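Survey of secondary and tertiary structure
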Amino acid sequence: MSQLPPQLTACPVCHEPLEPADNFCGGCGADLAAVPPAPGGSRADDAWRQPDTPVGRGAGDYRLAPPATAVPAQSPPCAGAGGTCAACRSGMIDNDGYCEHCGHAQPRERDHMEHESAGVAAVTDRGLRHHRNEDAYAVSTTDLPGGRPAVVAVVSDGVSSAARPDEASAAAVASAHDALTEALAQGAAPREATHRAIVRAAEAVVGLVTPGHEAREHDRYRQENAPACTIVSAVVTGDLLTVGWVGDSRAYWVPDDRGTQPARLTEDDSWAAQMVAAGLMSEAEAYADERAHAITGWLGADAYEVEPHTASYHPDRPGVVIVCTDGLWNYAESAEQMAAVVPPDARARPLECARRLLSHALDGGGHDNVTVAVLPFPARPEGAGSA
C-alpha cells in the first residue's frame, strides 16, 4: 500500500483530515493518489472541483441531488472533461474522463452523491476499490389523491460482470421512480404501484441492449452480457410500508426502541438464499461460500422472466427503513447487525444516519460501491429537516 506524501494531511477536495496510510478520502471518496496537494497547501484548483461537488462535512455543505432523482438516466461526464488533469495538471481530459498525458481517471459526479428532504435521505459512494460508482438511487416525497404524502426510495446496484452496469442502474431507478410516483398519484395501491414500477425498470434496462445481442449463460461470455442490475424500493404511505425488489439489494426495518426486534424485509434472489430456503445449508454456511452472491434474479435482457417481489407491513412503532445495496449490508448482514450500526437518532437525522452507515462500510474495507436510503417511519412532517 502506498503512503501519502507527509504534507498531505487533509483532502484537497473536501478538506477532511487524513491518516498517513489513506489512499482515498473517507469524506468524499477522492482518489488521493491522483490528487496531489495544491502548492502551498491551498485548495486543489478549479479543474478538480466542479459546481456542487462536496466542499465540507457540515450539514448543507454536500451536493444535494434534485428532489425527484439523484442520478440521470445516463452517466454524466467526468469532472473536468475537456479541461486540465487534476493529477498532473498538464494533460487534457478525453471524453472518457481520463488524462491524455498521465492516464489518471478524473473524479465523476456519481463518485459521491447525497440527498435530504423532509421524508427521506440517501447517500451513494464509489467505495474504496471500484474505479466508478455502478449504484444509483432516486428518492422523493409525492402526493397521493386527497393530498396525503407518500415517501419513495428506489436503489439499484449495477451487475459488474455485465456490460455498462452504471447505465443499467441509472436507467432502472429513473424509470422505476417515475412509474411509482405516477401510479401512486393516480390512486394505485402501493403494492400494485411497486409491481408496475419494477416491470417498467426492467423494460428500461432491456432497452439498453445493443442490436443483435444474444443472451449468454457461461462465464467466458461475461463481457458480452447485456446491461443488468438489481433493484429495491420502499414506499411509506401513512401507517403502511411497502417494499419491492429483484436481486440482492435489501430493505431493513430498525425500530427506535432497540429493545424490540429489527427485521430484514426482503429475501435475496441469490445462490445463498436458495441454499438456505431449500434447507441445504445454514445461513452462515451459505453466505460464507464463494458462490453466495451469485444472483438468481436481476433486471436485463439476459435475465429470466422478471418476477417482482412485493410486500407490505404495518409497523406498530416508530423507526427507520434502510434501503441499500450489498456494498453496505456485506458489513452489517443480519437485521441485528444493521440495527447496531444505525444511530439512536436516525429518525430525526436520516442524512447523518446514511453517512454513518456509509462510513461503517468504508471502515470495513469499502470493497464495493455503497448506496443507502433512510426513510423515517412514520414520515416526518414537511420541513422537519436534519438537525
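Summary of the structure given here. Just so it is clear, the structure is predicted and the values come from calculations on it, not from any experiment.

1. Considering the overall build of the protein chain
Along its length, the protein chain carries seven helices and 12 strands. The burial tally for the protein chain puts 51% of its 387 residues in the buried class. Residue pairs at least 24 apart in sequence account for 65% of intrachain contacts in the protein chain once pairs closer than 6 positions are excluded. Surface exposure of the protein chain reaches about 16500 Å², of which carbon and sulfur atoms provide 50%.

2. Let's talk about the nonpolar core
If you look at the biggest cluster of nonpolar residues, it comprises 33 residues, and the most contacted ones within it are Ile322, Leu328, Met338, Val342, Leu357 and Val372. The element that contributes the greatest number of residues to this core is helix α7 (residues 350–363), accounting for seven residues. Residues contacting Val372, with those up to four places away along its chain left out, are Ala121, Ala122, Val123, Ile322, Val323, Cys324, Leu328, Ala354 and Leu357. Of all hydrophobic cores here, the second largest spans 28 residues; its members include Val154, Ala172, Ile231 and Val235.

3. Here we look at the environment of Pro190
Checked against the element boundaries, Pro190 lands in helix α2 (residues 190–206). Considering only alpha carbons, one finds Pro190 and Leu240, 50 residues apart in sequence, at a separation of 8.8 Å. With near-sequence residues (within four places) excluded, Pro190 lies in contact with Leu184, Thr237, Leu240 and Thr242.

4. Side note on the sheet that holds strand β11 (residues 319–324)
Pairing within the open sheet is antiparallel, and its six strands lie in the order β1-β2-β12-β11-β7-β8. The sheet is open, and its two edges are formed by β1 (112–116) and β8 (263–264), each paired on a single side. Here six bridges tie β11 to strand β12 (residues 370–377), and the two strands are oriented antiparallel to one another. Opposite Val321, over in β12, you have Leu375 as the bridge partner. This element, α7, spans β1, β2 (121–125), β11 and β12 of the sheet and lies at about 25° to β2.

5. Overview of the side chain of Asp368
Note on placement: Asp368 falls in the loop between α7 and β12. Among buried charged residues, Asp368 stands out as having no salt bridge; its nearest opposite-charge side chain is Arg132, 10 Å away. Setting aside anything within four residues of it in sequence, one finds Asp368 in contact with Arg126, Gly127, His130, Asp157, Asp326 and Gly327.

6. Notes on the pattern of salt bridges
Tallied over the entire structure, the rule returns 14 salt bridges. Of the charged contacts, one joins Arg355 and Glu114 as a salt bridge, the two residues approaching to 3.0 Å between their closest N and O atoms. You can see Arg355 sitting in helix α7 and its partner Glu114 sitting in strand β1, a full 241 residues away along the chain. Among the residues examined, Arg355 registers a relative accessible area of 7% and is labelled buried. Notably, a salt bridge pairs Arg349 with Asp345, separated by 3.2 Å at the nearest N-O pair. One network of salt bridges, with partners in common, ties together Arg250, Arg264, Asp268 and Glu283.

7. Here's the deal with the pairing of β11
A regular strand places its side chains on the two faces of the sheet in alternate fashion. With six of six residues buried, β11 lies mostly within the body of the structure. In this structure, strand β7 (residues 250–255) lies alongside β11, joined through six bridges in antiparallel fashion. Along β11, the bridge assignment pairs Tyr252 with Ile322.

8. Describing the packing of aromatic side chains
One pass over the full model with this rule turns up three aromatic pairs. Both rings, one in Tyr287 and one in Trp329, keep their centres 6.2 Å apart while their planes meet at 90°; by these two values the pair is edge-to-face. In this pair, Tyr287 sits in helix α4 (residues 283–288) while Trp329 sits in helix α5 (residues 326–329), placing the two residues 42 residues apart along the sequence. When sorted by exposure, Tyr287 lands in the same class as Trp329, which is buried. One Lys or Arg, Arg250, reaches over the ring of Trp329 and ends 3.4 Å from the middle of that ring.

9. Section: the pairing of strand β3 (residues 135–143)
In terms of residue burial, β3 counts as a mostly covered element, since seven of its nine residues are buried. The sheet contact formed by β3 and strand β4 (residues 149–158) spans nine bridges and is antiparallel. Within β4, the residue paired with Val139 across the bridge is Ala153. Here β3 hands over to β4 after five residues, with Gly146 in that stretch at a positive phi of 95°.

10. Re α2
With 17 residues, α2 ought to run about 24 Å at 1.5 Å a step, and its terminal C-alpha atoms sit 24 Å apart, in line with that. When α2 is considered as a whole, its buried residues turn out to be Pro190, Ala193, Thr194, Ala197, Ile198, Ala201, Ala202 and Val205. Where α2 is buried, its residues touch α1 (165–185), β5 (228–237), β6 (240–246), β9 (299–300) and β10 (309–313).

11. With respect to the packing of α1 against α2
Contact pair α1 / α2: the axes reach a minimum separation of 7 Å and the direction vectors enclose 150°. The handedness of the crossing between α1 and α2 is right-handed. Contacts from Ala168, Ala171, Ala172, Ser175, Ala176, Ala179, Leu180, Glu182, Ala183 and Leu184 in α1 reach Pro190, Ala193, Thr194, Arg196, Ala197, Arg200, Ala201, Ala204 and Val205 in α2. A per-class count over the contact of α1 with α2 returns 14 nonpolar, two polar and three charged.

Calculation rules
Every chain is numbered independently, its residues counted from 1 as its sequence is written. At least 70 in pLDDT is required for a residue's local features to be given in this predicted model, at least 80 for side-chain atom pairs to be given and counted, and no such filter applies to totals for whole chains, interfaces and linings, which use all residues. Side-chain figures throughout are based on the complete set of non-hydrogen atoms in the structure, without hydrogens or water. Starting at the N terminus, helices and strands are each numbered in turn, a helix being any DSSP run of H or I of at least four residues and a strand any DSSP run of E of at least two. Only protein chains enter the area calculation, which uses a 1.4 Å probe; residues under 20% of their type maximum are buried, those over 50% are exposed, and those in between are partly exposed. Only heavy atoms matter for contacts: two residues are in contact if any of them lie within 4.5 Å across the pair. Shrake-Rupley sampling with a 1.4 Å probe provides the accessible areas, and residues are treated as covered by the protein chains on show and by no other component. For our purposes a nonpolar core is just a set of buried Ala, Val, Leu, Ile, Met, Phe, Trp, Tyr and Cys residues, chained together by side-chain atoms within 4.5 Å. One requirement defines pairing of two strands: DSSP has to find at least two bridges between them. Orientation is described by lines fitted to C-alpha atoms, with helices fitted over the stretch in contact, and by angles between N-to-C directions that extend from 0 to 180 degrees. The charge count treats Lys and Arg as positive and Asp and Glu as negative. His and the chain ends do not count. Throughout this description, the term salt bridge denotes a Lys or Arg side-chain nitrogen within 4 Å of a carboxyl oxygen of Asp or Glu. Working definition: rings of Phe, Tyr and Trp (its six-membered ring) pair if their centres are within 6.5 Å, and the pair is stacked with planes under 30 degrees apart, edge-to-face with planes over 60 apart, and tilted otherwise. Should the NZ of a Lys or the CZ of an Arg lie within 6 Å of a ring centre and within 35 degrees of the ring normal, that charge is described as sitting over the ring. A helix is expected to span 1.5 Å multiplied by its residue count minus one. By convention the crossing between two helices is left-handed if the near helix lies anticlockwise of the far one by an angle smaller than a right angle, and right-handed if it lies clockwise. Here the nonpolar group is Ala, Val, Leu, Ile, Met, Phe, Trp, Tyr, Cys and Pro; Asp, Glu, Lys and Arg are the charged ones; every other residue, Gly included, is treated as polar.

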